[in-house]
Amino acid sequence: MTRTIPIGPYHPLLEEPELFRLKVEGETVVDIEATLGYNHRGIEKLAEGKTYDQCLFLVERVCGICSTSHPIAFCNAVERIAGVKLPERAAYIRVVIAELERLHSHLLWLGLAGHYVGYHTLWMWAWRYREPLLDLFESITGNRQSYAMMRIGGVRRDISEESAAGLRKALDELEPKLHMLLGAAADDPVLGARLRGVGKLSQEDARKYCVVGPLARSTGLDMDTRRDSPYAAYGVLDFKVITHTDGDIFATTAVRVLEMLESVKLIRQALDRMPVGPIAVDVPEVSRGEGIGLDEAPRGECFHYVRSNGTNMPERVKIRAPSYVNVPSFKARMAGAQIADAAIILASVDPCYSCTERMAVVNAGGGPALDGNALIKLSQQKTAALVRELGAPDASPRWRFLK
Amino acid sequence: MADSKALTVEKLMAALDGKYLAVNQQSPSRVSIDVGRRDAREAVLRLLALPGARLITVTGVDTPPGIELLYHVTFQGTGLVCTVQTLLPKPQPSIESLATELPAAEWIEREVHELLGVEFRGHPDLRHLVLADDWPDAVHPLRKALGSAQAREGAA
């Protein structure tokens, strides 16, 4: 008998509502359908009636988590049309902000992943390490989120010597914690049992769904906009593009954690090489033309197309965020999965979409039998059973070390 | 991807086998190719058959003569973005669907269909994607004739 489990669309904690309908037979998921549009704000239409400067504030609000990726992609597109040469210091500042964002975004994700599999130690510690990063954002930009750092032709605020010193200190503290998280996650038998081989995406399916970012890289597709289509100062900085071949949740986790270490490297290099000088050039007008701006957001390639008619407002702005291509790949990843793994598979792409708390299992005859909390509980119970079988993770020396 | 690194505009042209109207290279990494509307789907599929090719998305633009469709294709490891551009005349812009060949085109074709009123022939499921289920069929918010206040209300 096939049952349908709706997940979503609203969740009070996460910023994007979305509805997933899981079709299940017994304990096995046979299909998934996603419905979006609950929060369609018409940003592309609004952009046609705003000046370029106003547009930056608008596109920053596409996403609250990767809130600097969209302004950077938009700047890349407009600066291409206007033929702007970015001041060197501004290019390095963009790298610092973008990589800090990747760090806080990946830590947020890691914490949520821990929560969904019932590993509260991981959840709490990942978020504890994320907090100082948000404080840094506040000291540099004035805001913990939605930093408003980008402007066409440069950045709005400089990074002072004092902020730079604080940043270095925070990175020195964060780096060993990342190594610990990595080692702890890699060696833990329970996490291995929950994440390895779960929600597998084949490279062939990754190509078919045109997925991007950590999800694509976890299937062995070696792509990263920062390296392939360098913007800001990425062309002169040294970093590795992390790939994995398994395509399962463990692989996406490993890619994200290793990427954080690369981000630390990138920020240090940018701070070291940043010359003294202007942080922006004036861009008096944007000529008629069109431009494509790319950016490697924490979740993957972010795409902006801008067409200018020579006025101070764009003729057309097209935005494609990474989740738009990553989410449909659930169809390939969910088939054959256990219901208890559904929460973590949904979470593995992007916490924005794992709106699992409003979910209900509906019998074919109608009437809810199970709600969203129950689904997370199912996932956590599975971990608890594994812990009983394999030994308590919190008692292992690595996790004790974390405390 | 060794082969895709060696991709040049000449190779893209060769893959299209003469099925294009004009080529415009804005920079080493940005190329746009004008294609007749009957050849557009075939041209995009030929580019997507090249090594490392990936469809980024499709942009629709409302212009006075018709709806312009821009298929953005990139090639892994190159940073090259090739845009296949075609014009669909009003009042009934229509083109063959890519979604039958590529699942990645399903959502964006649904979106262009509802926001700009382009019909994608052969698309398996043209229900609303981002607009509400009860949004009026004849109102397309990204058409220029519709002001942003009207677009909010869904009024024609």
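Source: prediction; values computed, not measured.

Enquirer: With reference to specific residues and values, describe the overall build of chain A.
Expert: Assigned secondary structure in chain A consists of 16 helices and 10 strands. When contacts within chain A are restricted to residue pairs at least 6 apart in sequence, those whose partners lie at least 24 apart make up 70%. A total accessible area of about 14900 Å² is found for chain A, and carbon and sulfur atoms account for 52% of it.

Enquirer: Just give me the short version of the sheet that holds strand β6 (residues 289-297) of chain A, but keep the residues and values in it.
Expert: All names here are of chain A. Reading across the sheet, the three strands line up as β6-β7-β8 and stay open at both edges, with antiparallel pairing between neighbours. In this open sheet, the two strands that pair with only one neighbour each are β6 and β8 (314-320). When strand polarity is set aside, the average angle formed by the axes of neighbouring strands in this sheet is 15 degrees. Pairing between β6 and strand β7 (residues 300-308): nine bridges, direction antiparallel. Within β7, the residue paired with Leu-294 across the bridge is Phe-303. Lying on the sheet, helix α3 (residues 69-82) is in contact with β6, β7 and β8; it crosses β6 at an angle near 150 degrees.

Enquirer: Could you give an account of the side chain of Asp-228 of chain A, with specific residues and numbers?
Expert: Position of Asp-228 of chain A relative to the elements: it lies in helix α10 (residues 225-228). For Asp-228 of chain A, a relative accessible area of 14% puts it in the buried group. A distance of 2.8 Å separates a polar atom in the side chain of Asp-228 of chain A from a polar atom in the side chain of Arg-227 of chain A. With sequence-adjacent residues up to four places away left out, Asp-228 of chain A is seen in contact with Asp-222 and Met-223 of chain A together with Gly-77, Thr-78 and Gly-79 of chain B.

Enquirer: Provide a residue-level description of the confidence of the model for chain A, including the pertinent values.
Expert: Residues and elements named next belong to chain A. In the predicted model, chain A carries a mean pLDDT of 85, and 87% of its residues have values of at least 70. Predicted confidence for residues 353-369 stays below pLDDT 50, and this span has 63 contacts to residues more than four positions away or in other chains. For residues 397-403, every residue scores under 50 in pLDDT, and the model assigns this stretch 21 contacts once sequence neighbours within four places are set aside.

Enquirer: Explain the pattern of salt bridges to me, using residue names and the numbers behind them.
Expert: Applying the stated criterion across every chain, the model contains 38 salt bridges over all chains. Here Lys-265 of chain A makes a salt bridge to Glu-262 of chain A, at a shortest N to O gap of 3.1 Å. Placement of the pair is Lys-265 of chain A and Glu-262 of chain A together in helix α11 (residues 249-273), with a separation of three residues, close to one helical turn. Judged by relative accessible area, which is 7%, Glu-262 of chain A ranks as buried. For Arg-41 of chain B, the salt bridge identified is with Glu-101 of chain B, shortest N-O distance 3.9 Å. Here Arg-41 of chain B, found in helix α3 (residues 40-48), pairs with Glu-101 of chain B, found in the loop between β6 (94-96) and α4 (106-116); they are 60 residues apart in sequence, far enough to count as distant. Residue classification places Arg-41 of chain B among the buried positions, given a relative accessible area of 17%. Each of Glu-99, Arg-102, Arg-217, Asp-224, Arg-226, Glu-259 and Glu-296 of chain A takes part in salt bridges that share partners, so that together they form one network.

Conventions and cut-offs
Residues numbered from 1 in each chain as written. Chains lettered and ligands numbered in written order. Predicted model: local features only at pLDDT ≥ 70, side-chain atom pairs only at ≥ 80, totals over all residues. Heavy atoms only, no water. Helix = DSSP H or I, 4+ residues; strand = E, 2+ residues; numbered from the N terminus. Contact = heavy atoms within 4.5 Å. Areas by Shrake-Rupley, 256 points an atom, 1.4 Å probe, with all protein chains shown as cover. Pairing = 2+ DSSP bridges. Axes fitted to C-alpha atoms, helices over the stretch in contact; angles between N-to-C directions. Buried < 20%, exposed > 50% of the residue type's maximum accessible area, 1.4 Å probe, protein only. Polar contact = N/O pair within 3.5 Å; in protein donor to acceptor, adjacent residues only side chain to side chain. pLDDT = per-residue confidence, 0-100. Salt bridge = Lys/Arg side-chain N within 4 Å of Asp/Glu carboxyl O.

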